[in-house]
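# Overview (structure and organization)
Here is what each chain is made of, one letter per residue.
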Amino acid sequence: MKFLKFFLFTAALITVVACGSDDDGGGSTTIELNTTNFAGTYEITLLQGTEVITTTGSDGSTIFLESETFSAGTFDDAMYTFNADGTYTASGAYVATYVTTIGTQAPVTDTEIEDLDDESGTYTLNATDRTISFDMDSDEDVTFFDGNNITVIGGDVDVFEGDTFTYTYEIRLKRVE
């Protein structure tokens, strides 16, 4: 599950954007998604994700193997700074809680402190598709951006040695500068 932790942490770092509903407290105003409007420093207000591993049985049915949920809390100055030149940096830390369920076994909970310091790279926004790409990686959906609040939802499906790994995650940010 260390791979999942690494993937979710990396995905969260690479997928920083907005949630698409009025429940975000940002109202219903949508601002154009461009680097000028996007540039600023944002605190992380929500970070969560899930990985589900399944396989296909001989009869074609889907068989559950394992799942892990991830949620972050107790943010310690966990910030992202997006610059108008398309670069970003991250700083701070947060407490991450992982809940792993293997087959029909009871869930196991693990808590770790995740450090964001020294994370940096580039990002690209696509206003038409309302996506963000970090370090030229996959595009993530910016589901909400009102100039002050961002929600990014992403995911991926990978197949490895006959097993299907389905990842989903969400990160919400609030402008502080």
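Below: a short report on this structure. This one's a predicted model, so the numbers in the text were calculated from it and none came from an experiment.

### Concerning the overall build of the chain
The helix and strand inventory of the chain stands at two helices and nine strands. Each helix (α) and strand (β) of the chain, taken in turn from the N terminus, gives the series α-α-β-β-β-β-β-β-β-β-β. Pairs at least 24 residues apart make up 62% of the contacts formed inside the chain by residues separated by at least 6 positions. Entry remark: accessible area of the chain is about 8,800 Å², with carbon and sulfur atoms responsible for 50%.

### Structural notes on the nonpolar core
Among the nonpolar cores identified, the biggest contains 26 residues, and Phe38, Ile44, Tyr80, Phe82, Tyr123, Ile132 and Leu173 are the most heavily contacted of them. Only strand S1 (40-56), strand S2 (62-82), strand S3 (87-102), strand S5 (119-126), strand S6 (131-134), strand S7 (139-145), strand S8 (149-160) and strand S9 (163-175) provide two or more residues apiece to this core.

### Digging into the packing of aromatic side chains
Here the distance between the centres and the angle between the planes together describe a pair of aromatic rings. All told, the structure shown has 14 aromatic pairs when counted by the stated rule. Judged by centre distance (6.1 Å) and plane angle (15°), the rings of tyrosine 80 and phenylalanine 82 are stacked. Residue classification places tyrosine 80 among the buried positions, given a relative accessible area of 1%. The buried category is assigned to phenylalanine 82, whose relative accessible area is 1%. Through pairs of rings, three or more aromatic residues link up here, namely Phe38, Tyr42, Tyr80, Phe82, Tyr88, Tyr123, Phe134 and Phe145.

### Thoughts on the pairing of S1
Sheet analysis places S1 next to S2, joined by 13 bridges and oriented antiparallel. Bridging from a neighbouring strand, threonine 54 pairs with phenylalanine 64 of S2. Taking the residues that link successive antiparallel strands as the turn, the S1-S2 hairpin has five residues, and the phi of glycine 60 there is positive, at about 90°.

### Some thoughts on the side chain of threonine 101
By the element assignment, threonine 101 lies in strand S3. Under the relative-accessibility criterion, threonine 101 is labelled buried at 17%. Excluding residues that lie within four positions of it along the chain, threonine 101 makes contacts with Phe64, Leu65, Glu66, Ser67 and Pro107.

### Some remarks on the pattern of salt bridges
If charged atoms from side chains of opposite charge come close, those side chains can pair. Scanning the model with the defined rule gives one salt bridge in all. Between glutamate 170 and arginine 172 there is a salt bridge, with its nearest N and O atoms 2.7 Å apart. Judged by its relative accessible area of 12%, glutamate 170 falls in the buried class.

### With respect to unusual backbone geometry
Unusually for a residue other than glycine, aspartate 77 sits at a positive phi of about 50°. Secondary-structure assignment places aspartate 77 in strand S2. When its relative accessible area of 56% is taken as the criterion, aspartate 77 is described as exposed. Unusually for a residue other than glycine, glutamate 161 sits at a positive phi of about 50°. Of note, glutamate 161 is situated in the loop between S8 and S9. Among the residues examined, glutamate 161 registers a relative accessible area of 69% and is labelled exposed.

Cut-offs applied
Residues numbered from 1 in each chain as written. Predicted model: local features only at pLDDT ≥ 70, side-chain atom pairs only at ≥ 80, totals over all residues. Heavy atoms only, no water. Helix = DSSP H or I, 4+ residues; strand = E, 2+ residues; numbered from the N terminus. Contact = heavy atoms within 4.5 Å. Areas by Shrake-Rupley, 256 points an atom, 1.4 Å probe, with all protein chains shown as cover. Core = buried A, V, L, I, M, F, W, Y, C linked by side-chain atoms within 4.5 Å. Buried < 20%, exposed > 50% of the residue type's maximum accessible area, 1.4 Å probe, protein only. Phe/Tyr/Trp six-rings, centres within 6.5 Å; stacked < 30°, edge-to-face > 60°. Pairing = 2+ DSSP bridges. Salt bridge = Lys/Arg side-chain N within 4 Å of Asp/Glu carboxyl O.

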